[in-house]
Amino acid sequence: AFETPTNQDDNYGVRTRSFLQVPVTGQYTFWIASDDNGQLLLSTDTNPENASLIAEVTGWTSSQQWDKFSSQQSAVFDLVAGESYYIEALMKEGGGGDNLAIGWSSPQLGLLEPTVIANDNLRVFSADIDAPVVVNESGIAIEGGSLTLSPAELSVRDADSQSYLHVYTITS
């Protein structure tokens, strides 16, 4: 799901990026909840350069608290089934509790209240990686390269040992 674990640490930041795939053509509204400050960006396509800020938290919220600030809710977007959209969330934790969750609603999906975006609607974001990346129930495979996992980051190296850093939250 498009959500990080809560109460992990102090004084750190999170950047999560993915390709969003909507199952049904229709109108979608997005929300962000975070502790502390957070921003949600959405692109009109798969290009990160076309992403713009659509919602933000300017203080802190509890986990999945969607209604503390009016800025947490985006405008309504008309999205097309089968199309992919670049989506990015940022969070900066100071001290105390911490969390990040991205929710959406859509009358066409029967979701009238914000609901955390499920993994089924998210695809792995990879930039400038020539090697194919495959994610399935068996794990992650990268042809012709190497993969290193740690609690906070996923580091992918291609066959030429050029490193690309992406932060993913992997939940069961």
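Please refer to the structure placed before this passage.
Here is what the cut-offs are and how they apply
- Residues numbered from 1 in each chain as written.
- Predicted model: local features only at pLDDT ≥ 70, side-chain atom pairs only at ≥ 80, totals over all residues.
- Heavy atoms only, no water.
- Pairing = 2+ DSSP bridges.
- Helix = DSSP H or I, 4+ residues; strand = E, 2+ residues; numbered from the N terminus.
- Axes fitted to C-alpha atoms, helices over the stretch in contact; angles between N-to-C directions.
- Buried < 20%, exposed > 50% of the residue type's maximum accessible area, 1.4 Å probe, protein only.
- Core = buried A, V, L, I, M, F, W, Y, C linked by side-chain atoms within 4.5 Å.
- Contact = heavy atoms within 4.5 Å.

Caption draft 1: A look at the sheet that holds strand S7 (residues 99–106). Taken in spatial order, the four strands make up an open sheet running S5-S2-S7-S8, and their pairing is antiparallel. For this open sheet the edge positions go to strand S5 (73–79) and strand S8 (111–116), each flanked by a neighbour on one side alone. Taking each pair of neighbouring strands and ignoring which way they run, the sheet shows an average axis angle of 25°. Note: strand S2 (residues 26–35) against S5, five bridges, orientation antiparallel. Each residue of the ladder has a partner; that of Gly26, found in S5, is Leu79.

Caption draft 2: Broad picture of the sheet that holds strand S4 (residues 52–57). Strands sit in the order S4-S3-S6-S1-S9 across an open sheet of five strands; the sheet is antiparallel. Every interior strand has two partners, whereas the edge strands, S4 and strand S9 (122–124), have only one. Ignoring which end each strand starts from, the neighbouring axes of this sheet average 30° apart. Relative to strand S6 (residues 84–93), strand S1 (residues 12–21) is paired through ten bridges, and the arrangement is antiparallel.

Caption draft 3: Structural view of the side chain of Thr29. Turning to its location among the elements, Thr29 is positioned in strand S2. Thr29 sits in the buried class, given a relative accessible area of 9%.

Caption draft 4: Expanded view of the nonpolar core. Counting residues in hydrophobic clusters, the biggest one holds 22 residues, and the most contacted among them are Leu20, Phe30, Leu40, Ile87, Ile102 and Ile117. Taken together, the elements giving at least two residues each to this core come down to S1, S2, strand S3 (38–42), S4, S6 and S7. Considering each element in turn, this core owes the most residues, four residues, to S6. If we ignore the near neighbours within four places in the chain, the residues touching Ile102 are Phe2, Trp31, Ile32, Leu40, Trp66, Ile87, Ala89, Thr115, Val116 and Ile117. In this structure, Trp31, Ala33, Trp66 and Val116 belong to the second largest nonpolar core, which totals five residues.

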